[in-house]
Amino acid sequence: MAGKFRTLDDADVKGKRVLIRVDLNVPMENGKVTDATRLDRIAPGIAELSGKGAKVILLAHFGRPKGRDDKNSLKPVAAALGEVLRREVKFADDCIGETAEKAVGALKDGDVLCLENTRFYTEEEKNDPAFVEKLAKLGDLYVNDAFSAAHRAHASTEGLAHKLPAYAGRTMQAELEALDAALGQPQRPVAAIVGGAKVSTKLDLLGNLIEKVDALIIGGGMANTFLAAQGINVGKSLCEHDLADTAREIIAKAKAKGCEIVLPVDGVMAKEFKAETPTRASSVKEIEADEMMLDIGALSGADVISHLSKMKTLVWNGPFGAFEIQPFDTGTVMVAHAAAELTKSGKLVTVAGGGDTVAALNHAHVADDFTYISTAGGAFLEWMEGKPLPGVEALRK
Ligand SMILES: Nc1ncnc2c1ncn2[C@@H]1O[C@H](COP(=O)(O)OP(=O)(O)O)[C@@H](O)[C@H]1O
Ligand SMILES: O=C(OP(=O)(O)O)[C@H](O)COP(=O)(O)O
């Protein structure tokens, strides 16, 4: 990627108001950040800008709010970032308008300010030009350091790059270089594990991904959607029934392209999504109407591991189950350990990414054993698909 983008090496930032788009969409529980990987990755770039005398203004989203809502405030995340940076991160309750302008106006060279969730405005996701204008008013330069949100053509990830002199941040640079090094010419056979909860935003990309991989291993809510599309009753499981046709098309296309689709054959069922709730192991064909499948079962885990042992490369986004609550972490942890062992013995190149996926791998204590851990999930899969990412394209010189 060298030479393709303007980077911080090309920017004179002293005394300038630098709007830096970062990804602060970190896993949280009871107001506390449970995995700080994304914060750790962006911290050096922020410290560099601050050290060079920039007025650093952080723009980011959190969750998928429908309008302003306290549950999705970035305030606690800004405080956690302050702990990682070991310095004050100021906070403004709005990302545009008088509140934001006042907070920016009060900044001294080297200060760091975090603005409130850009998604409190529906205009953010619409990439609305008037909203872009309001954000642009707050800065002299724009830096995009949110590779993990670069698949979104939103005001703060794409629109701003056309309004202000735009640069790729250090995390963005590092992610593109590392992914290119690990997966630019992947050794076949390649497997992709796709799980997690963001079914509707990730299902579409599987159609292209099956052209790049030899096996597509599906877990989490994504698996429930595929099982339901095949006529299996998934009870109250997380499932996008409306996407059954898309799932069936993907299965047919995979067959035609010679990509094997691996689905769970058994799972761990529960009636409630909470700790210490009674669980039942069963075949996916015997899910009761009032049950949810919250993890893959032992047979499915063994099947996934057996597939991995035949692969040379693994890309992974999305946990197999609701790993935040025990025992629904079992499937993810079991596969994570096997992938880590195969990596350590030089048999498998493993690249995993996604806010929750990285949290799950840290929970399994294997993140350091993987070949590369990306901060990105959906963006990483779209990169793997070969799709141009709007946030990256907008930065090209
Ligand atoms: N079977 C399941 N039912 C409900 N939620 C699930 C299931 N499997 C995984 N999840 C949830 O998926 C979430 C992570 O999904 P996602 O956001 O797509 O991953 P990432 O952030 O790594 O891209 C986790 O919070 C986990 O609890
Ligand atoms: O957490 C993110 O993506 P991921 O869940 O794919 O890792 C990014 O912040 C993008 O969030 P979005 O999928 O709500 O646009």
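Residues numbered from 1 in each chain as written. Chains lettered and ligands numbered in written order. Predicted model: local features only at pLDDT ≥ 70, side-chain atom pairs only at ≥ 80, totals over all residues.

Where an unreviewed UniProt entry is consulted, the chain appears under the name Phosphoglycerate kinase, with the organism given as Variibacter gotjawalensis. Under Subcellular location (unreviewed entry), UniProt gives the following word-for-word description of the chain: "Cytoplasm". If you open the UniProt record of the chain and go to Sequence similarities (unreviewed entry), you find "Belongs to the phosphoglycerate kinase family." (UniProt positions renumbered as here; feature names shortened; annotations may be inferred.)

Draft legend 1. Seen up close, the UniProt feature "binding site: (2R)-3-phosphoglycerate" (unreviewed entry) in the chain. Those places that UniProt annotates as "binding site: (2R)-3-phosphoglycerate" (unreviewed entry) correspond, in this numbering, to Arg38, Arg119 and Arg152. Within the element layout of this structure, Arg38 appears in helix α1 (residues 37–51). Take Arg119: it is sitting in the loop between β6 (112–115) and α4 (122–126). Residue class for Arg119 comes out buried when judged on the 25 C-beta atoms lying within 10 Å of it. If we skip the residues at most four places from it in the chain, Arg119 touches His61, Arg64, Pro65, Glu124 and Glu125. (Helix = DSSP H or I, 4+ residues; strand = E, 2+ residues; numbered from the N terminus. Buried ≥ 20, exposed ≤ 12 C-beta atoms within 10 Å, placed from the backbone. Contact = placed C-beta atoms within 7 Å.)

Draft legend 2. Looking closely at the sheet that holds strand β13 (residues 279–283). Pairing is antiparallel across the open sheet formed by 3 strands, whose spatial order is β13-β12-β14. The two strands at the open ends of the sheet, each matched to only one other strand, are β13 and β14 (292–296). Averaged over all pairs of adjacent strands, the angle between their axes in this sheet comes to 40°, without regard to strand direction. Pairing analysis gives 4 bridges linking strand β12 (residues 266–270) to β14, with the strands arranged antiparallel. Bridging from a neighbouring strand, Met269 pairs with Met293 of β14. (Pairing = 2+ DSSP bridges. Axes fitted to C-alpha atoms, helices over the stretch in contact; angles between N-to-C directions.)

Draft legend 3. Spotlight on the environment of Asp9. By the element assignment, Asp9 lies in the segment before β1 (17–21). In sequence terms Asp9 and Ala168 are 159 residues apart; their C-alpha atoms lie 9.8 Å from each other.

Draft legend 4. Representation of helix α13 (residues 378–385) in the model. The element α13 is largely enclosed, with a buried count of 7 among its 8 residues. Next to the buried residues of α13 lie α6 (170–183), β9 (190–194), α7 (199–209), β15 (313–317), β16 (349–353) and β17 (372–374). Within two residues after α13, Gly386 carries a phi angle of roughly 90°, on the positive side.

Draft legend 5. Here's a closer look at the packing of α7 against helix α8 (residues 220–229). It is the contact of α7 with α8, at a shortest axis distance of 10 Å, that shows an interaxial angle of 65°. Judged on the interaxial angle alone, α8 and α7 are roughly perpendicular. You can see that α7 and α8 cross each other, and the crossing is right-handed. Together, Val199, Lys202 and Leu203 of α7 and Gly221, Met222 and Thr225 of α8 make up the contact between the two elements. A breakdown of the residues in the contact of α7 with α8 according to their chemical character gives 3 nonpolar, 2 polar and 1 charged. (Parallel < 35°, antiparallel > 145°, perpendicular 65-115°, else oblique. Left-handed = near helix turned anticlockwise from the far one by under 90°. Nonpolar A, V, L, I, M, F, W, Y, C, P; charged D, E, K, R; others polar.)

Draft legend 6. The domain arrangement of the chain, seen in detail. Each assigned domain of the chain is listed here: domain 1 (8–172) and domain 2 (185–385). Taking the mean C-alpha position of each, domain 1 and domain 2 sit 31 Å from one another. The partner domain 2 presents 11 residues to the 15 residues of domain 1 that form the contact. With 3 residues, the top contributor of residues to the side of domain 1 that touches domain 2 is α1. Split by residue class, the side of domain 1 that touches domain 2 holds 5 nonpolar, 6 polar and 4 charged. (Domains from an automatic or database assignment.)

Draft legend 7. Region of the structure containing the site of ligand 2. Lining the immediate environment of ligand 2, one finds 13 residues, of which Asn25, Gly354, Gly355, Gly377 and Gly378 sit closest. Its residues assigned to classes, the shell around ligand 2 comprises 2 nonpolar, 7 polar and 4 charged. Residue contributions to the shell around ligand 2 reach at least three from each of two domains, namely domain 1 (8–172) and domain 2 (185–385). (Near = placed C-beta within 6 Å.)

Draft legend 8. Representation of the sheet that holds β9 in the model. Read from one edge of the open sheet, 6 strands run β11-β10-β9-β15-β16-β17, paired in parallel fashion. With one partner strand each, in any of the chains shown, β11 (260–262) and β17 form the two edges of the open sheet. Sheet twist, expressed as the mean angle between neighbouring strand axes with direction ignored, is 15°. As judged from the 3 bridges shared by β16 and β17, these two strands associate in the parallel manner.

Draft legend 9. Examining the site of ligand 1 more closely. Residues in contact with ligand 1 amount to 20 residues; listed here are only the nearest, Gly196, Ala197, Gly220, Gly354 and Gly377. Of all the secondary-structure elements, those providing two or more residues to the shell around ligand 1 are α8, β14 and α12 (355–363). Looking at the shell around ligand 1, the element that brings in the most residues is α12, giving 3 residues. Taken together, the residues of the shell around ligand 1 break down into 6 nonpolar, 11 polar and 3 charged.

Draft legend 10. A look at the UniProt feature "binding site: ATP" (unreviewed entry) in the chain. Residues annotated in UniProt with the feature "binding site: ATP" (unreviewed entry) correspond here to Lys202, Glu324, Gly354, Gly355, Asp356 and Thr357. Here Gly355 lies in helix α12. Owing to 21 C-beta atoms within 10 Å, Gly355 belongs among the buried residues under this scheme. As for its placement among the helices and strands, Thr357 is situated in helix α12. Apart from the residues lying within four places of it in its own chain, the contact partners of Thr357 are Trp316, Asn317, Gly318, Pro319, Ala352 and Gly377.

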